[in-house]
Structure formats: C-alpha cells, structure tokens
Amino acid sequence: TDPTLDRIYKYLEECKESDLVGFDIEVGGFKHGLSEVSCISFSKDQETAISIPFTRAGKPRWAPDTEVGIWDTISEILSNPGITKVAQNRFFDGHFLFRRYGIITKNCHDTMIAQALLRPDFPKGLDFINSMYTDIGYYKADGKEFFGGRGNEETFWIYNAKDSMVLTLAWPEMEKELRERNLWETYQAQNNLVEPLIFMSEHGMKIDSEGLTKKSEDTLKEIERLEKEFQEMAGRKINLRSHKQLKEYFYGPKKQGGLGLKPYTNKGKPTTDESALLKLSRPLTTRPAIKEARILLEHRKLSKLRGTYYEMSYDDDNRIRSSMNPVGTRTGRLSSSENIFGTGTNMQNQPYAMKEFFLVDDGYVGYEIDLSQAENRIVAYVAPEPKLIEAFEKGIDIHSRTASYIFGKPENEISKEDGSAPQFGNGEHSERFWGKKANHAFNYGQSANAFSEQMLISRGEAKQIYNAYHNAYPGIYKYHNLVKQQLQKDRTLTNLFGRKYTFLDRWDYQLFLAAYAFIPQSTIADIINRWGLLPIYENYSDVVLLNQIHDSVVFEIPKSIGYEKHAEIILSISNRLSQPLKWNGREFQIPCDVKICAKNFMNGHELKITEDLCKQDLATTIEKVVTSNG
C-alpha cells in the first residue's frame with residue numbers, strides 16, 4: 001500500500017508477464033468536485049496485490065507528470081488484449097476508466113457476470129463471492145467505514161488490494177465451474193456485451209431539450225388545471241399527493257365531507273392506489289362512476305410523466321446517457337438505469353410519448369429493428385401449440401385469432417375499434433385488445449383470478465376468457481406441465497441457446513410463473529444480444545449503436561455512405577436476427593420489423609422485412625422517408 005514509484009513500476013511490469021491480473025478501482029471526490037480514481041489495485045497472482053493511491057490526506061499523491069506516467073503504464077496493461085484481466089462489475093470500472101482516462105479495457109473477465117450465471121438467485125457482490133471461493137475473512141466493512149467518514153487510508157488501501165486478490169483467487173474456480181456446467185459459451189456471450197454497452201452508455205442519444213422543457217411547462221399547467229377541478233368538485237382544498245386526505249375524501253362519511261364509498265383495500269388496508277382508483281372510476285350497479293377518481297388518475301399519470309421523464313437529467317451536450325447492466329435480470333435481459341456519473345435514466349422503459357424527444361443525429365438516419373411478436377412465437381413452437389404455429393406461419397394476426405375463440409366469431413370479423421367488446425369490464429376496449437391481453441397473460445400461466453384483478457373485470461368474465469384461451473390452445477397447458485416436470489427433475493431449465501437457470505426459490509405459484517417465462521424471455525434476450533447487439537458493434541463500422549430495448553435494437557447510420565449501403569446493412573442485420581432456431585428437431589424463424597426515422601424515433605416509417613424485399617426497393621423507401629422529412 002502507498003508504494004514508491006519504483007515499486008509501482010516494478011509490480012506493473014510483473015503484471016504484464018502474468019497469466020491473470022485482477023484489478024479494481026475506488027472512486028472518490030477531489031475538492032474541485034469531479035469524481036476521480038482515488039486508488040487502483042492490481043493482483044498478479046494469488047498471493048500478492050498492490051494498491052496505488054492517487055490521493056493522500058485529501059491531496060494529489062503525485063506530481064501531474066508522474067501521475068501521467070503511472071496511468072500510461074496502467075493503460076498498457078488494461079488495453080492489451082494479450083493480457084488476461086479479471087474485474088468485478090467490469091462495466092462500471094471500464095466505463096469510468098474510458099470516460100476519465102480514455103482507457104479501453106480489453107480481454108477482461110467479470111466475476112459478477114459469472115456469479116449471475118452460476119447462481120442467479122444468490123447475491124452477485126464480491127463480498128459474497130469472497131465467502132464462497134477464498135479463505136480471506138470478511139473485510140468489506142473497512143470500505144464502508146472509510147466512505148462513511150470513518151477509518152483510515154491505510155485500511156482503505158488494504159481493502160482495495162484485497163478486492164484484486166479475491167478476483168485472482170475466485171476467477172479460476174468460477175471458470176472451472178462455468179465449463180463443467182456447460183455455461184462457458186453463455187458466459188462468453190454475456191461478457192462480450194460489456195464493450196458495446198460501454199459504447200452505448202458513453203455515446204448516448206440526442207435529446208430535444210427545448211421540446212422537453214415546453215412539454216414539461218404545458219404538462220404542469222394541465223396538472224394545475226386538474227388539481228383545481230378536483231378541489232372544486234370536493235368543495236375544499238385537498239392535497240392530491242396525500243393518501244391520508246384522499247382516503248378521507250373517498251371513504252369518509254358524507255357528514256364529514258367524504259363520499260362515503262366502500263373502501264378498496266390492499267393487504268387489508270384502505271387504499272387509493274391505481275387499482276382502487278380504476279375501480280372507483282368505473283360505474284357499478286350500485287353507484288355511478290366517480291369522476292374525481294378519473295381526474296386523480298390523469299393527475300398521477302401526468303405527474304409521473306413530468307417528474308420522471310420530462311424533467312429527467314441529461315448532460316450539457318443535450319444527450320441522455322444511461323448505464324446498461326449485462327446481468328441486470330435473471331433471464332439474460334439487460335437492465336438500464338441512471339448512469340454512473342449521476343445523469344440519465346432507464347432507457348428501456350421510456351413511455352411511447354418520449355420517443356418524440358429522442359432525436360436522430362444530424363447527418364444520420366435512425367433505425368429500430370425489432371423481433372415480431374417474439375415471445376408468443378417462442379411459446380408456440382416450444383409448447384408446441386399447432387393453432388398458434390399455423391397462425392404465425394400463415395401470417396394470421398395472433399391477437400385476432402385468440403380473440404376469435406373468445407368471442408366465437410371468425411378472425412376477419414374481429415374488431416380493433418375501442419368499445420367493440422361491451423361484454424367485458426366497462427366496455428371501453430376492442431375485441432382484439434382482449435385477445436392480446438389473453439396471449440400475454442396465459443402464455444406464462446397467469447390464473448383467471450389474477451387476470452381479473454389485473455384487468456379490473458369480474459371473476460366470471462376473467463374465467464370466460466381464460467377457458468376460451470386454454471380450450472383453443474391445449475398445447476399451452478402441455479408446455480406448463482413440461483416445465484414443471486423439468487423442475488421436478490433437477491430444477492434446471494435450458495433455453496434455445498443452451499442458457500441454463502437453476503431455480504432455487506420456494507416451490508410455489510410464483511416460481512412456476514418465473515419458470516414459464518424463462519425459456520421465451522431468455523431466448524429473445526440471447527437473440528437480440530448475440531445476433532444483434534454484438535455483431536452490429538463488431539462488424540458494421542458505419543453503424544452507431546444507440547439503445548437496446550429487450551426485443552429491439554436502436555441505431556443510426558450516416559447518410560454520407562448512400563442509401564443502398566443503408567439498405568444492405570439493414571437487410572444483413574435483419575437476416576442475422578432471423579436465423580433459424582431449433583427446438584426438438586423443428587426449425588422456425590422470428591421475422592423482423594424495421595422503423596426508419598429521419599428526425600426522431602416516434603415519427604418513422606414502419607415496414608416488415610420479407611424475403612422478397614430487395615435492396616433497391618428498401619433504399620428507395622429510405623430515401624423517400626428522409627426526403628419527405630426535409
């Protein structure tokens with residue numbers, strides 16, 4: 001700890017000759033307010049480690065030229081693909097080092113990713129990994145104490161050094177387990193995503209800051225109008241953000257200014273949550289619809305949009321950046337959040353209204369390629385369910401087909417018009433709507449009672465839809481039974497790419513729901529990541545990756561390369577994503593849809609990628625979209 005300059009260079013040179021180098025950074029704040037690396041540690045073997053501090057007693061440890069020299073040597077190690085490294089959560093360390101020092105870390109393993117695959121139900125932190133793979137005692141409290149203003153620098157540097165040593169101790173054992181359990185290919189695919197994820201997170205997406213500001217201001221006016229309308233109806237001032245006051249108003253006795261309504265409850269207690277408000281806003285035989293509930297629902301919706309989205313934090317260059325977690329879910333799906341530098345937001349759960357404010361960069365054309373009804377297709381072929389397979393192979397709209405069984409009429413007579421299904425709920429939805437909701441719910445084992453609660457319809461109505469669905473598609477029950485049988489055998493499921501998941505949780509309904517969803521959701525994640533995100537980053541130098549949204553990938557291509565080249569790239573990526581999948585000796589494909597965007601990612605031209613779509617026709621379409629949008 002706190003080594004001399006000579007010792008630093010000697011140890012770093014020894015790292016260059018090592019078979020495996022563990023490294024870890026600790027980030028702190030300097031007085032000028034920018035977060036920097038306060039110390040970095042390396043371990044060249046399982047017995048030694050070094051912690052190199054860049055601050056001491058709150059001041060820079062080295063003269064600027066000296067620090068530059070140290071970082072140059074560190075960069076030689078981290079960016080050298082011939083040196084095998086290992087880190088814990090390499091996305092964080094890699095993104096931070098790239099942003100602050102321009103270092104791109106190559107050939108690096110990640111114990112967090114390994115742990116997420118080996119034991120998805122267990123914690124992924126290095127403290128837990130340490131407890132499983134080494135004899136080093138618990139030491140993480142030393143770091144917490146230091147960051148909490150307690151402890152001393154020497155203890156902190158030892159803490160930093162131990163992190164690197166744990167990595168060199170744990171990784172060989174984790175690699176051995178990954179190979180023994182046939183998870184090595186899955187690990188490699190997931191670990192290889194880190195570099196493109198760092199690129200996307202650093203590049204970000206252009207945001208219409210002026211448009212967002214105006215939208216926020218207009219939304220605030222509408223929120224204030226709704227508040228005023230509610231107060232006028234109530235006849236007194238009520239804080240619409242106070243659940244206590246709202247419960248008193250809706251459920252309190254009339255003589256005290258309440259409406260005297262029968263309370264809706266959550267876990268036995270009266271509530272004014274979204275479910276309760278939706279129920280209050282719909283008429284019953286014993287009372288009319290409560291208009292105040294509808295106003296409050298709209299107020300909350302707009303408040304959420306304004307506070308979470310229209311007022312979100314973006315960077316000074318008018319770009320929104322997030323952090324992408326390669327093991328943010330247990331199915332292989334990525335997750336997204338505010339970036340590690342404190343700006344941005346989750347880019348995978350943006351409401352449709354926000355697409356208007358995500359802009360295509362000047363001189364580029366934006367594209368979003370998504371897999372068409374991907375999860376439903378996986379379920380159909382894995383089950384297998386012949387009627388669903390037939391619909392997909394003949395190009396029949398699957399939601400209309402399911403609705404045809406619910407309403408007892410031909411598919412071509414199923415209506416998409418709101419209000420065309422008066423027999424369910426308050427009658428505001430279309431017939432096709434109920435087919436779509438049934439497909440999404442019952443594919444993954446939702447019960448009729450849960451469907452009733454979710455959709456705010458009677459249990460009798462829910463049971464009617466539930467029975468119609470399962471009578472039409474008996475293969476879905478067979479799929480659920482197949483999953484249960486495999487769980488009973490060894491609690492392990494395997495998707496179409498060989499990704500495995502051992503379910504260790506309590507044997508109950510919730511476990512089954514997660515298991516039913518695993519094969520479809522994890523397979524789609526592997527398609528979009530292995531056949532989309534990674535090849536785009538590695539093989540298409542003209543393509544700029546922007547985002548990944550579970551079953552779609554968003555990118556842009558410069559106009560300067562010509563629209564025929566655009567078309568060639570789009571068809572090539574689509575062909576990659578539509579490669580044949582195999583299950584029980586049967587092959588099938590998931591087709592792609594593409595959205596061409598000239599200005600923002602809301603207003604674009606949508607088309608299906610078909611086998612007879614030629615490059616010239618697609619190039620002409622792209623040019624027309626761009627030209628028509630100025």
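In this text the structure is predicted, and so the values were computed from the model without any measurement.

Participant: So what's going on with the overall build of the protein? Residues and values would help.
Facilitator: On a plain count of helices and strands, the protein comes out with 23 helices and 23 strands. Relative to the globule expectation of 25 Å for 630 residues, the C-alpha radius of gyration of the protein, 28 Å, shows essentially globular dimensions. For the C-alpha atoms alone, the extent of the protein along its principal axes is close to 85 × 65 × 60 Å. Each charge sign in the protein was given a centre, from 81 positive and 86 negative side chains, and these centres are 8 Å apart.

Participant: So, helix α20 (residues 474–490): which residues are in play, and what are the values?
Facilitator: The first and last C-alpha atoms of α20 sit 25 Å apart over 17 residues, in line with the 24 Å expected at 1.5 Å per residue. Listed in full, the buried residues belonging to α20 are G475, I476, Y479, H480, V483 and L487. End-on view of α20: buried residues confined to an arc of 150°, all on one side of the axis. Facing away from the buried side of α20 by over 90 degrees, the exposed positions are K478, Q485, Q488 and K489.

Participant: Help me get a handle on helix α7 (residues 153–180), residues and values and all.
Facilitator: Helix length check: α7, at 28 residues, gives a terminal C-alpha distance of 41 Å against a target of 40 Å (1.5 Å per residue), a fit within 8%. In α7, a bend of some 30° at A170 exceeds every other bend along the element, and P172, a proline, comes one to four places later. Among the residues of α7, the N-terminal cap falls to N152, whose side-chain oxygen and the backbone nitrogen of E154 are separated by 3.1 Å. Just beyond α7, the residue with positive phi is N182, at close to 55°.

Participant: Explain the pattern of salt bridges to me, and be specific about the residues and the numbers.
Facilitator: By the definition in use, this model includes 40 salt bridges. One salt bridge in this structure joins K214 and D218, with 2.9 Å as the shortest N-O distance. With K214 and D218 both in helix α10 (residues 209–234) and four residues apart, the pair spans about one turn of that helix. In this structure, E428 engages R282 in a salt bridge whose closest nitrogen and oxygen atoms are separated by 3.4 Å. Pair noted here: E428 is in the loop between α16 (398–407) and α17 (431–442) and R282 is in the loop between α12 (274–280) and α13 (291–310), with a separation of 146 residues, a long-range link. With relative accessibility at 34%, the residue E428 sits in the partly exposed group. For R282, a relative accessible area of 12% translates into the label buried. Through salt bridges with shared partners, one network takes in K10, E14, K44 and D45.

Participant: Go over the pairing of strand β19 (residues 552–558), please, and point to the residues and values.
Facilitator: Among the seven residues of β19, seven are classified as buried, and the element is accordingly described as predominantly covered. Of the two faces of β19, the one lined by S552, V554, E556 and P558 and the one lined by V553, F555 and I557 are each fully buried. In this sheet, β19 lies alongside strand β15 (residues 364–371) in antiparallel orientation, the contact comprising seven bridges. Bridge pairing links Y364 to P558 in β19. Bridge count for strand β18 (residues 544–548) against β19 is four bridges, and the pairing is antiparallel. When the sheet's bridge partners are listed, L545 is paired in β19 with F555. The turn linking β18 back onto β19 is made up of three residues, and H550 within it adopts a positive phi angle of 65°.

Participant: Can you explain the pairing of strand β23 (residues 604–608)? Please cite residues and give values.
Facilitator: Direction of pairing for strand β22 (residues 592–597) relative to β23: antiparallel, over a ladder of five bridges. Residue pairing across strands places K595 opposite E606, the latter belonging to β23.

Participant: Explain the environment of S281 to me, and be specific about the residues and the numbers.
Facilitator: Secondary-structure assignment places S281 in the loop between α12 and α13. The exposure class assigned to S281 is buried, which follows from its relative accessible area of 8%. Expressed as a C-alpha distance, the spacing of S281 and L297, which sit 16 residues apart in the sequence, is 8.8 Å. Residues in contact with S281, not counting those within four places in the same chain, are A289, I290, A293, R294 and L297. There is a polar contact of 2.7 Å between the side chain of S281 and the backbone oxygen of L278.

Participant: Any details on the packing of α20 against helix α21 (residues 509–539)? Residues and values, ideally.
Facilitator: The N-to-C vectors of α20 and α21 enclose an angle of 105°; their axes lie 10 Å apart at closest approach. Judged by the inter-axis angle, α20 sits roughly perpendicular to α21. Within the contact between the two elements, α20 uses Y479, H480, V483, K484 and L487 and α21 uses F512, A515, Y516, I519 and P520. Tallied by class, residues from the contact of α20 with α21 come to eight nonpolar, one polar and one charged.

Cut-off values and rules
Residues numbered from 1 in each chain as written. Predicted model: local features only at pLDDT ≥ 70, side-chain atom pairs only at ≥ 80, totals over all residues. Heavy atoms only, no water. Helix = DSSP H or I, 4+ residues; strand = E, 2+ residues; numbered from the N terminus. Rg over C-alpha atoms; globule rule 2.2 N^0.38 Å. Lys, Arg positive; Asp, Glu negative; His and termini not counted. Charge placed at Lys NZ, Arg CZ, Asp CG, Glu CD. Expected span 1.5 Å × (residues − 1). Buried < 20%, exposed > 50% of the residue type's maximum accessible area, 1.4 Å probe, protein only. Arc of directions from axis to C-beta. Bend = angle between axes of the 7 residues up to and from the residue. Polar contact = N/O pair within 3.5 Å; in protein donor to acceptor, adjacent residues only side chain to side chain. Salt bridge = Lys/Arg side-chain N within 4 Å of Asp/Glu carboxyl O. Pairing = 2+ DSSP bridges. Contact = heavy atoms within 4.5 Å. Axes fitted to C-alpha atoms, helices over the stretch in contact; angles between N-to-C directions. Parallel < 35°, antiparallel > 145°, perpendicular 65-115°, else oblique. Nonpolar A, V, L, I, M, F, W, Y, C, P; charged D, E, K, R; others polar.

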